[in-house]
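# Chains, contacts and geometry: an overview
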Amino acid sequence: MLIAVILALAIGTYAFRLAGVVLRDRLDLPERLQTLLPVAAAVLLAALAATAALTEAGRFAGVARPAGVLVGAVLAWRRAPFVAVVVAAAGTAAVLRLLGIN
């Protein structure tokens, strides 16, 4: 059963990717929609990041996780090395949790 689900998801993913390549020249989107699609993708990614940063099991994740994400975001914005961003974000969350601030 598990193998069948994995195969179905793999085939569906491949079909979506193939449809994009095959239909690219056949599908004519309005210019307004073409300008909005990249913005929509960015908004969707931001919403996903916000949900992951602020919630856990459908509830507020506490202060430590968003604080770590904020530290990581600031360091990434300042173009710090990726390893430094990850270590600082994780360290911030860990220190806050160690201090009892969830």
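Parameters and conventions
Residue positions within a chain follow its written sequence, with the count starting from 1. Local features in this predicted model are restricted to residues of pLDDT 70 or higher, and side-chain atom pairs are both shown and tallied only at a pLDDT of 80 or more, whereas totals for entire chains, interfaces and linings draw on every residue. Excluded from the side-chain calculations are hydrogens and water; all other atoms, namely the structure's heavy atoms, are used. Strands here mean DSSP runs of E at least two residues long; helices mean DSSP runs of H or I at least four residues long; both are numbered from the N terminus. Radius of gyration here uses only the C-alpha atoms, and the compact-globule reference equals 2.2 Å multiplied by the residue count raised to the power 0.38. For each residue, the accessible area found with a 1.4 Å probe, counting protein chains only, is set against the maximum for its type, and the residue is called buried under 20%, exposed over 50%, and partly exposed in between. In this analysis, two residues are considered to be in contact whenever any of their non-hydrogen atoms come within 4.5 Å of each other. Working definition of accessibility: Shrake-Rupley area with a 1.4 Å probe, residue cover restricted to the visible protein chains. His residues and chain termini do not enter the charge count, which takes Lys and Arg as positive and Asp and Glu as negative. Working definition for charges: the position is that of NZ of Lys, CZ of Arg, CG of Asp or CD of Glu. Salt bridges, as used here, are contacts in which a Lys or Arg side-chain nitrogen is within 4 Å of a carboxyl oxygen on Asp or Glu. Patch membership is restricted to residues that have no salt bridge and whose relative accessible area is over 30%. Joining uses 9 Å for like charges and 5 Å for the nonpolar side chains Val, Leu, Ile, Met, Phe, Trp and Tyr. Confidence scores here are pLDDT values: one per residue, from the predictor, ranging 0 to 100.

## Some thoughts on the overall build of the protein
- When you go through the protein residue by residue, the secondary structure sums to four helices and two strands.
- Against the compact-globule benchmark of 13 Å for 102 residues, the protein has a radius of gyration of 20 Å, which places it well outside the compact range.
- A principal-axis box enclosing the C-alpha atoms of the protein has dimensions of 55 × 45 × 30 Å.
- With 102 residues in all, the protein has 11% of them scored as buried.
- Considering only intrachain contacts with a sequence separation of at least 6, the fraction spanning at least 24 residues in the protein is 38%.
- Only carbon and sulfur atoms are counted for the fraction: they give 73% of the accessible area of the protein, which is about 8,500 Å².
- Of the charged side chains in the protein, 9 are positive and 4 negative, and the gap between their average positions amounts to 14 Å.

## A look at the pattern of salt bridges
- Taken as a whole, this structure holds one salt bridge when the rule is applied.
- Between E56 and R65 there is a salt bridge, and its shortest N-O distance comes to 2.7 Å.
- Taking the relative accessible area as the measure of exposure, E56 reaches 45% and is therefore partly exposed.

## Things to note about unusual backbone geometry
- A positive phi is found at A57, a non-glycine position, where the angle reads about 55 degrees.
- At R79, a residue that is not glycine, the phi angle is positive and equals roughly 65 degrees.
- Looking at the element boundaries, R79 is found in the loop between α3 (64-77) and α4 (82-98).

## Notes on a nonpolar patch on the surface
- A cluster of nonpolar side chains, contributed by Y14, L18, V21, V22, L23, L27, L29, L33, L36 and L37, occupies part of the molecular surface with about 880 Å² of accessible area.
- By the element assignment, L18 lies in helix α1 (residues 2-23).

## Observations regarding the confidence of the model for the protein
- In this model, the protein carries a mean pLDDT of 93, and residues with pLDDT of at least 70 account for 100%.
- Predicted confidence in the protein is weakest over strand β1 (residues 55-56), with a mean pLDDT of 90, and strongest over α4, with 97.

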